[in-house]
Every structure is written in structure tokens, then in C-alpha cells.
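# Residue-level structure breakdown
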Amino acid sequence: MNIYIIIAFIICGGTILANRIRELPHWLAVVLYTAGVALFVVGMIVRQKAGN
């Protein structure tokens, strides 16, 4: 796993955890999930181009 995928898991997992503890504003949750998914996709592309 590369650093982008690890950061994506941390962002998405942290968002879920924070939302369970205290409800986040919807716009913030959408921004965080979008950033996490974008980082995950970038990480997959980087891994594919690296040939792993």
C-alpha cells in the first residue's frame, strides 16, 4: 500500500468515527469523504503505473 491509500483510509475512517461521536455538518462529511475517495483513486493509479 502506498501513502495515498493509507491517508485515504485514515480520512474516511476518521470521518466515520467523528460522525459517530458527534454529528458532523453534512458539507464537511461530503468534503472529507470526497477527499478520501480521490486519494484512494490516486493511490491506485500510482500503484498501477509503478507496476506493482
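The following paragraphs examine the structure supplied in this document. From a predicted model like this one, the values you see are computed outputs, not experimental measurements.

To continue, consider helix α2 (residues 26-50). It helps to recall that an α-helix has 3.6 residues per turn; residues three or four apart then point in one direction. The terminal C-alpha atoms of α2 lie 36 Å apart, and with 25 residues this matches the ideal 36 Å at 1.5 Å per residue to within 8%. Taken together, the buried positions of α2 are Ala 29, Gly 36 and Gly 43. Check the buried side of α2 and you find it contacts α1 (3-21). Among the residues trailing α2, Gly 51 stands out with phi positive, at a value near 90 degrees.

Take Tyr 33: it is sitting in helix α2. Sequence-wise, Tyr 33 and Cys 12 are 21 residues apart; in three dimensions their C-alpha atoms are separated by 5.8 Å. Tyr 33 has contacts with Cys 12, Thr 15 and Ile 16, leaving out every residue within four places of it along the chain.

Turning our eyes to something else, we now look at the side chain of Asn 2. Residue position: Asn 2 is located in the segment before α1. The buried category is assigned to Asn 2, whose relative accessible area is 17%. Side-chain polar atoms of Asn 2 contact the backbone oxygen of Gly 43, separated by 2.9 Å. Those residues in contact with Asn 2 that lie beyond four places of it in its chain are Gly 43, Val 46 and Arg 47.

Take the packing of aromatic side chains next. Under the defined criterion, the tally for this structure stands at 1 aromatic pair. Taking 5.7 Å as the distance between ring centres and 50 degrees as the angle between the ring planes, the aromatic pair formed by Phe 9 and Phe 40 counts as tilted. Of the two residues, Phe 9 is situated in helix α1 and Phe 40 in helix α2; the sequence distance between them amounts to 31 residues.

Reading the values: the criteria
- Residues numbered from 1 in each chain as written.
- Predicted model: local features only at pLDDT ≥ 70, side-chain atom pairs only at ≥ 80, totals over all residues.
- Heavy atoms only, no water.
- Helix = DSSP H or I, 4+ residues; strand = E, 2+ residues; numbered from the N terminus.
- Expected span 1.5 Å × (residues − 1).
- Buried < 20%, exposed > 50% of the residue type's maximum accessible area, 1.4 Å probe, protein only.
- Contact = heavy atoms within 4.5 Å.
- Polar contact = N/O pair within 3.5 Å; in protein donor to acceptor, adjacent residues only side chain to side chain.
- Phe/Tyr/Trp six-rings, centres within 6.5 Å; stacked < 30°, edge-to-face > 60°.

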